[in-house]
Amino acid sequence: MGDTRAKKSGLSADIQKKLNAKYSEEQERQCRQWIEAVTGETLIDQEIGMNHFNKCLKDGTVLCKLINTLNGEALVKKINTSSMAFKQMENISSFLDACKVFGLKDGDCFQTPDLYENQNMSQVLTTIFSVGSVAQRAGYDGPTIGARLSEANRREFTEEQLREGNTFVGSQMGGHKGATQAGMNFGKTRAIMD
């Protein structure tokens, strides 16, 4: 967490512990490797851990370069290199806006304080995986991360095929010559006494 934030207590502390427990160092390793492979740049802090990964991404420049590379043209037109807090948060916000243009849904994206204030790094990992999934669907043919998203597979049936489907009696509709579960016992019967 940032140096200027008060220490959390009570329910807030419990929630923060749960958020921190969701963080996966294995997912972080995958994200690090993928970001370095896509951007061609080495992250500044090579040590594994939530705080170290936050240090790599906190200024937003790496994420902006990532989304621009995946899109093929710049979705983030101006990447701020200033060390001033509001400029770094502007980079993160620009990345998040670019993600939505790229095809991510609002629920797939983290919020700026999640990264900048190290509040919810597991959501940052989730967003990076979602960016990778959408990149695959968008036709990016470089290194991949995340699950490949499904595509629509519409089928067209003729009128004859549809009529044929109406005559079919499924096995759940009793098409097994009157077979029932009558007489089937599993285990000992239950004795009910008055």
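Look up: the structure comes first, before these words.
Here the structure is a predicted model, which means the values were calculated and not measured.

Considerations on the overall build of the protein chain
Phase 1: In terms of helices and strands, the protein chain carries 8 helices and 0 strands.
Phase 2: Listing every helix and strand of the protein chain by position from the N terminus yields α-α-α-α-α-α-α-α.
Phase 3: Burial status across the protein chain gives 32% buried among its 194 residues.
Phase 4: Counted over contacts in the protein chain with a minimum sequence separation of 6, partners at least 24 positions apart contribute 52%.
Phase 5: For the protein chain, the accessible area works out to roughly 13300 Å², and carbon and sulfur atoms hold 49% of it.

Structural notes on the pattern of salt bridges
Here the idea is simple: oppositely charged side chains can pair when their charged atoms come close.
Phase 1: Across all of its chains, the model carries 4 salt bridges by this definition.
Phase 2: The salt bridge partner of Asp106 is Lys100, with a shortest N-O separation of 3.5 Å.
Phase 3: Relative accessible area serves as the criterion here: at 58%, Asp106 is assigned to the exposed category.
Phase 4: Residue Lys100 is classed as partly exposed on the basis of its relative accessible area of 40%.

Comments concerning the packing of aromatic side chains
Phase 1: Taken as a whole and judged by the stated rule, the model has 1 aromatic pair.
Phase 2: Relative to Phe110, the ring of Phe95 lies with its centre 6.2 Å away and its plane at 25°, an arrangement referred to as stacked. Placement of the pair is Phe95 in helix 5 (residues 85-102) and Phe110 in the loop between helix 5 and helix 6 (112-116), with a sequence separation of 15 residues. Phe110 carries the same exposure label as Phe95, and that label is buried.
Phase 3: It is Lys58 that lies over the ring of Tyr116; its NZ or CZ is 4.7 Å from the centre.

Let's talk about the side chain of Thr127
Phase 1: If you trace the backbone, Thr127 turns up in helix 7 (residues 121-137).
Phase 2: In this structure Thr127 comes out as buried when scored by relative accessible area, which is 0%.
Phase 3: Those residues in contact with Thr127 that sit more than four places away from it in its chain are Phe95, Leu104, Asp108, Cys109 and Phe110.

Comments concerning the nonpolar core
Phase 1: With 37 residues, the main nonpolar core has Trp34, Ile35, Phe53, Leu57, Phe95, Ile128 and Val131 as its most contacted residues.
Phase 2: Breaking this core down by element, the ones donating at least two residues are helix 2 (25-39), helix 3 (50-57), helix 4 (61-71), helix 5, helix 6 and helix 7.
Phase 3: Counting residues per element, this core draws most heavily on helix 7, which supplies 8 residues.

Reading the values: the criteria
- Residues numbered from 1 in each chain as written.
- Predicted model: local features only at pLDDT ≥ 70, side-chain atom pairs only at ≥ 80, totals over all residues.
- Heavy atoms only, no water.
- Helix = DSSP H or I, 4+ residues; strand = E, 2+ residues; numbered from the N terminus.
- Buried < 20%, exposed > 50% of the residue type's maximum accessible area, 1.4 Å probe, protein only.
- Contact = heavy atoms within 4.5 Å.
- Areas by Shrake-Rupley, 256 points an atom, 1.4 Å probe, with all protein chains shown as cover.
- Salt bridge = Lys/Arg side-chain N within 4 Å of Asp/Glu carboxyl O.
- Phe/Tyr/Trp six-rings, centres within 6.5 Å; stacked < 30°, edge-to-face > 60°.
- Lys NZ or Arg CZ within 6 Å of the ring centre and 35° of its normal.
- Core = buried A, V, L, I, M, F, W, Y, C linked by side-chain atoms within 4.5 Å.

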